[in-house]
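Notes for the structure review
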Amino acid sequence: MVDHKIPVILDGDPGHDDAIAWVLAKSNPNFDIKAVTSVAGNQTLEKTTYNAMRVCTLLGIEAPIAKGRNKPLLAQLITAGNFHGESGLDGPKLPEPCMQLEELSSVELMSKVLNETDELVTIISTGPLTNVAALLLAHPEVKDKIGMISIMGGGLRNGNWTPAAEFNIFEDPEAAQIVFTSGIPLTMCGLDVTEKAIVYPDDEKKIRAIGNQVSTIVADWLAFFFKHHEQLGWSGSPLHDPCAVAVLLKPEIFTIKDLYVQVDTKGQYTRGATIPDWHGTSKQQPNVRAVLGVDREGFVDLLVEACKVYDDRKVEIQ
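First, a word on what this report is: a plain description of the structure on this page. (Residues numbered from 1 in each chain as written. Predicted model: local features only at pLDDT ≥ 70, side-chain atom pairs only at ≥ 80, totals over all residues. Heavy atoms only, no water.)

Turning to the overall build of the protein, a few remarks are in order. Along its length, the protein carries 12 helices and 12 strands. Across its three principal directions, the C-alpha atoms of the protein cover 55 × 45 × 40 Å. Burial statistics for the protein: of 318 residues in total, 58% are counted as buried. Sequence-distant contacts, at least 24 apart, represent 83% of the contacts inside the protein between residues at least 6 apart. Total accessible area on the protein stands at roughly 13500 Å², and carbon and sulfur atoms take up 49% of it. The distance from the centre of the 28 positive side-chain charges to the centre of the 42 negative ones in the protein is 1 Å. (Helix = DSSP H or I, 4+ residues; strand = E, 2+ residues; numbered from the N terminus. Buried < 20%, exposed > 50% of the residue type's maximum accessible area, 1.4 Å probe, protein only. Contact = heavy atoms within 4.5 Å. Areas by Shrake-Rupley, 256 points an atom, 1.4 Å probe, with all protein chains shown as cover. Lys, Arg positive; Asp, Glu negative; His and termini not counted. Charge placed at Lys NZ, Arg CZ, Asp CG, Glu CD.)

Okay, structure coming up:
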């Protein structure tokens, strides 16, 4: 039995790696998932919301689900259908949703959870930070109820959508700037760590060999990812979003450094870049726990063990 559970809000734009991140989150008995919120990013909001509901049905996440923001705060929406497919979660068949969407918006659901929960809540955000920024703008009074925000986003040395910017931050840099300057404890899993959290075909075979429904679907998601990354010259697939959950579950397998990080919202070539003050030149206090490295084998072991948790879980898939 777990004596103390951490209240958690899952915010994302599923997305294969978001879905695998949620596999990790649901497998952890220390997490009490209070809400799930969707956001536009990997695909349009209608598609990411549908995907979020299907993933929650697959995993048995029974928290309320709310539809989030359908575009960035100021910019036009860019989707990553070239990466995640037309549905945003192409590949294996998934169950149809077994729940109804909340009538509340994502911002109102987040605010409700924060106001009704006695303990500090952790927000795990694996998509653009639009929902989280909108929450802080609309309800600044709930800021002190957020214990931590753990994100997948950014890259301190390079980007993946542009040479300087990672996709989630590039999608809505104004939202990211609001979150990064909020003063809320922020753990940042950017490309510095996620491009080291690589899963190879032999790892996928280990997960498939577990043999339960969830592990088989996770293996199929990985197989889908492998095809795309092979075209980019990778011999495996980096699992970006799961790092934002894994660092909370097993921080000892990660390398972490406190840094002051700024988000560029205006640069012609560097919009969406996350710029670290490596040497303290700015004299600013760190605002980010930057995750820089990972024990890859330990990361894979964590994913394998998480998939085993679902041995008794099976839902109908048409």
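With that out of the way, let us pick up the sheet that holds strand β6 (residues 186–189). In spatial order, the strands read β3-β2-β1-β4-β5-β6-β12-β9; together these eight strands make up an open sheet with mixed pairing. Single-partner strands in this sheet number two, and they are β3 (65–66) and β9 (254–259). Across two bridges, strand β2 (residues 31–38) lies against β3 in parallel orientation. Bridge pairing in β3 places Val36 opposite Ile65. With respect to the sheet, helix α2 (residues 45–59) is in contact with β2 and β3, its orientation differing from that of β2 by roughly 155 degrees. (Pairing = 2+ DSSP bridges. Axes fitted to C-alpha atoms, helices over the stretch in contact; angles between N-to-C directions.)

Our next topic: the nonpolar core. Within the largest apolar cluster, 60 residues are counted, with the highest numbers of intra-cluster contacts made by Trp22, Trp221, Phe254 and Phe299. Per element, the largest residue contribution to this core is eight residues, and it comes from helix α10 (residues 213–231). Discounting residues that sit within four places of it in the chain, Trp221 has contacts with His16, Ala19, Ile20, Val23, Val55, Leu58, Leu89, Asp90, Pro92 and Leu94. One finds Ile123, Ile149, Ala175 and Leu186 within the second-largest nonpolar core, a separate group that totals 35 residues. (Core = buried A, V, L, I, M, F, W, Y, C linked by side-chain atoms within 4.5 Å.)

Here the focus is the pairing of strand β12 (residues 288–294). Here β12 lies mainly inside the structure; six of its seven residues are buried. Inspection of the sheet shows β6 paired to β12 by three bridges, in the parallel sense. Bridge assignment links Cys189 to a residue of β12, and that residue is Val291.

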